[in-house]
Amino acid sequence: MKNESRQSTSTSTSTSFVLGDVEVTRVVEWQGAFAPARGLVPESGAEVWKGNEDWLAPDHWEPDGDSAVGVVQTWVLRSRGRTVLVDTGVGNGRERPGMAHFHHWRGDFPGALARAGVRPEDVDVVVNTHVHADHVGGNTVGVDGGWQPAFPNAQYLVPAADDFHFGPDNAYGNGHQEDDRLIYQDSVAPVHRAGQSVLWDGTHRIDEHLTLESAPGHTPGSSVLRLVSGSDRAVFVGDLVHSPVQILAPAANSCFCLDPEQAVASRRRILERAAEERELVVPGHFGGAGAVEVRQERDGGFTLGPWAAYGTERVASAVAAPVPPLAP
């Protein structure tokens, strides 16, 4: 798949491109510098950042503050007459005492979706690539002191392994941490109670173009969504990589990976296939164009190919206010 084959169409509130018969629209909830570079990716050396400063800055790295740059975003896929959301961001009004950057967050994610032409009742499928605060928060909205699904007609696809790990049946106690318990209570459990959730494991086919696959390590149920339509290929990888430096150094995990060895194995496997099949790699948090092709070198390492052919200035944004940086 060549970069020039992606036709870009834009309005003042959204940016879209087409892969085969699937339209892809990017909706950004927040973007900016959000963590110390080697706090986010502890196993990455300073040389990999400094040695690639010419293209990492400013979209992926702020050299002066040595801060990783990224986004919290949702990808809207229109496939086979249905609207599919890939992850739902942070959501508003959440109790996240251990996450200062998400605690009581207030943004305009619903408005950003509306500007991208998506009404809540239009959404047919919600994909949660994994159960972390910045990927499931928009699953629900607050109503009368409680929480209910934000998309009343949608089927929510939740990885079974994450549902168990972060849910109340985990013998270790509701996902191990207080924030994990709160995330599950306000963003996952209400979807179960409404009868709108589907737990899956291994693979799950959404339609002839879209298939979910397990890629554990970041969390037990972390997954990727493969798009195959005509000659075009893409893979929405969630938090398989947080920064492009993890493509250059695939053995380097983020500080959030729960099973480091498994995370590295999944990362290598998905990147190898992406390089072989010329899949556009679409991570959950990349700044800039947000998506990139990957090439594999003879020594087994990876380099970056063409970026998706559109910018961020016309993205449907829900940015409300700066987010405090993550702690080192």
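To start, this report covers the structure provided alongside it. This one's a predicted model, so the numbers in the text were calculated from it and none came from an experiment. (Residues numbered from 1 in each chain as written. Predicted model: local features only at pLDDT ≥ 70, side-chain atom pairs only at ≥ 80, totals over all residues. Heavy atoms only, no water.)

This part is about the overall build of the protein. Check the secondary structure of the protein and you find ten helices and 19 strands. A total of 328 residues make up the protein; the buried ones form 55% of that total. Taking contacts inside the protein between residues at least 6 apart in sequence as the whole, the part at least 24 apart equals 66%. Of the roughly 13000 Å² that the protein leaves accessible, carbon and sulfur atoms contribute 49%. (Helix = DSSP H or I, 4+ residues; strand = E, 2+ residues; numbered from the N terminus. Buried < 20%, exposed > 50% of the residue type's maximum accessible area, 1.4 Å probe, protein only. Contact = heavy atoms within 4.5 Å. Areas by Shrake-Rupley, 256 points an atom, 1.4 Å probe, with all protein chains shown as cover.)

Our focus in this paragraph is the packing of aromatic side chains. According to the stated counting rule, one finds five aromatic pairs in the structure shown. When the centroid spacing of 6.4 Å and the interplanar angle of 90 degrees are considered together, the rings of tryptophan 30 and phenylalanine 34 count as edge-to-face. We note that tryptophan 30, like phenylalanine 34, is buried. Centre to centre, the rings of tryptophan 75 and phenylalanine 236 are 6.1 Å apart; their planes meet at 65 degrees, and the pair counts as edge-to-face. Taken together, the positions of tryptophan 75 in strand 5 (residues 67-79) and phenylalanine 236 in strand 15 (residues 232-238) put the pair 161 residues apart, joining distant regions of the chain. What makes phenylalanine 236 buried here is its relative accessible area of 1%. (Phe/Tyr/Trp six-rings, centres within 6.5 Å; stacked < 30°, edge-to-face > 60°.)

A separate point is the sheet that holds strand 15. The strands making up a sheet are joined through hydrogen bonds of the backbone, oriented either antiparallel or parallel. With mixed pairing, seven strands are arranged side by side in an open sheet as 12-13-14-15-16-17-18. Two strands bound the open sheet, and with one partner strand each, they are strand 12 (203-205) and strand 18 (302-307). Looking at each pair of strands side by side, their axes are set apart by 30 degrees on average, direction ignored. Strands strand 13 (210-214), strand 14 (223-229), strand 15, strand 16 (280-283), strand 17 (292-296) and strand 18 of the sheet are contacted by helix 10 (residues 260-277), whose axis makes an angle of about 95 degrees with strand 17. (Pairing = 2+ DSSP bridges. Axes fitted to C-alpha atoms, helices over the stretch in contact; angles between N-to-C directions.)

Mapped onto the secondary structure, threonine 88 falls in the loop between strand 6 (82-86) and helix 4 (109-115). Among the residues examined, threonine 88 registers a relative accessible area of 0% and is labelled buried. A distance of 3.4 Å separates a polar side-chain atom of threonine 88 from the backbone oxygen of valine 136. Excluding residues within four positions of it along the chain, threonine 88 makes contact with Glu29, Thr74, Phe109, Val126, Asn128, His135, Val136, Gly137, Gly138, Asn139 and Phe151. (Polar contact = N/O pair within 3.5 Å; in protein donor to acceptor, adjacent residues only side chain to side chain.)

Summarising the element assignment, cysteine 255 is placed in the loop between helix 9 (245-248) and helix 10. Residues cysteine 255 and glycine 39, 216 residues apart in the sequence, show an inter-C-alpha distance of 6.9 Å. Residues contacting cysteine 255, with those up to four places away along its chain left out, are Gly39, Leu40 and Pro42.

The peptide bond linking alanine 57 to proline 58 adopts the cis configuration, its omega dihedral lying at 0 degrees. Residue placement: proline 58 occurs in the loop between helix 3 (53-56) and strand 4 (61-62). Backbone geometry places aspartate 87, a non-glycine residue, at a positive phi of 70 degrees. By secondary structure assignment, the location of aspartate 87 is in the loop between strand 6 and helix 4. Residue class for aspartate 87 comes out buried when judged on its relative accessible area of 3%. Of note, the phi angle at aspartate 144 is positive, near 50 degrees, even though the residue is not glycine. Turning to its location among the elements, aspartate 144 is positioned in the loop between strand 8 (140-143) and strand 9 (146-149).

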